[in-house]
Amino acid sequence: DTAVSQTPKYLVTQMGNDKSIKCEQNLGHDTMYWYKQDSKKFLKIMFSYNNKELIINETVPNRFSPKSPDKAHLNLHINSLELGDSAVYFCASSQAPRAHTEAFFGQGTRLTVV
Amino acid sequence: DAKTTQPTSMDCAEGRAANLPCNHSTISGNEYVYWYRQIHSQGPQYIIHGLKNNETNEMASLIITEDRKSSTLILPHATLRDTAVYYCIVRPEGTGGFKTIFGAGTRLFVKA
C-alpha cells in the first residue's frame, strides 16, 4: 500500500482554469504538507496542516486553497491557473513535529499550465 | 532560507563510499540535522537524522562534528541507484518542524 498517494500524477490544463490535486495518507499521521518544486528544482513549503488546522501558509497566493476534510486527506485547489503555477507539487505527511519526525512524500503531481 | 550549505555536485565510483559534506555553522542547540534524498522524478525520501552523536542505519551513517557546525553523510557502498539529489536540513524540534526548509542540495552521480 502506498503511504502517501497523490492524484493525478500528471495534469495539463489551460490558463484560467481551476483544478484540484488530491492527497491521502494511510500512516495515521497528524500533519500534512504541500510543497512546490519549480523548474529550478527548489523544493518550497507551501502549507502545513496539523489535525486539519492550517499551521503554516508560506505567503502562497489566495488562488491556492488547501482543504483538509479529515486528518488523512489534504487536497489542494488552485483557481485561475497561471503559467507560473507550472511545477511539481508534492504532498507529505508526518507525525506532529516533536524531537524526531520524518516526513513521507508522495510521488508528486506534475502540473503544466499552457 | 536554508541554514545549510552543500556542494552543488559530487561524483562517486560504484562500490566506493560516498561522503557528502554539509555546513550548518549557525545551528542552534535544539536543532536536528536531517538528510533526505530525491531520486529523479520521485518524492524526497528520509535517510537519517541526528542531534549530537553519530548515527547509523541501514541506509547511511551520519557524522556530526563536535561543535555541530558541520556534518557528513556517508553511503558506505554507493550503487548506481544512489544517484540522486541529497538534501541536508537543519530543523528545530517542536512546532518549528512544521516548516522544513530544503536548500539546493548536492547532486550525487554514482558512476560504474
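Here's what I pulled together on the structure shown here. Per chain, the residues get numbers from 1 upward, laid out in the order the sequence is written. Note on labels: chains are lettered from A, ligands numbered from 1, in written order. Confidence filtering applies because this is a predicted model: local features only for residues at pLDDT of at least 70, side-chain atom pairs given and counted only at 80 or more, and all residues used for totals across whole chains, interfaces and linings. To obtain the side-chain values, all non-hydrogen atoms of the structure were used and water was disregarded.

### Concerning the pairing of strand β6 (residues 53-57) of chain A
Residues and elements named next belong to chain A. Condition: For two strands to be treated as a pair, DSSP must find at least two bridges joining them. A run of H or I in DSSP counts as a helix once it spans at least four residues, and a run of E counts as a strand once it spans at least two, with each numbered from the N terminus.
Taken together, the four bridges between strand β5 (residues 43-50) and β6 define a ladder with antiparallel strand orientation. Bridge pairing in β6 places F47 opposite N57. The turn joining β5 and β6, which pair antiparallel and follow one another in sequence, is formed by two residues; a positive phi near 50 degrees is taken by N51.

### Observations regarding the nonpolar core
Within soluble globular proteins, side chains that are nonpolar generally end up buried alongside one another. Note the threshold: What is meant by a nonpolar core is a set of buried Ala, Val, Leu, Ile, Met, Phe, Trp, Tyr and Cys residues, joined one to another through side-chain atoms within 4.5 Å. Summary of the burial criterion: residues with accessible area below 20% of their type's maximum are buried, those above 50% are exposed, and those between are partly exposed, where the area comes from a 1.4 Å probe applied to protein chains only.
Of all hydrophobic cores here, the largest spans 21 residues; its most connected members are W35(B), L73(B), Y86(B) and L108(B). Elements with a contribution of two residues or more to this core: β2 (18-23), β3 (31-38), β4 (45-50), β6 (61-64), β7 (70-75), β8 (84-92) and β9 (106-111) of chain B. Take this core: its biggest share by element is four residues, from β8(B). One finds V60(A), L74(A), C91(A) and L111(A) within the second-largest nonpolar core, a separate group that totals 20 residues.

### Describing the environment of A104(B)
Condition: Contacts: residue pairs with any heavy atoms within 4.5 Å of one another.
Residue placement: A104(B) occurs in the loop between β8 and β9. With a relative accessible area of 54%, A104(B) lands in the exposed category. Residues A104(B) and C88(B), spaced 16 residues apart in sequence, show a C-alpha to C-alpha distance of 9.1 Å. Aside from chain neighbours lying at most four places away, what touches A104(B) is F42(A), V85(B) and Y87(B).

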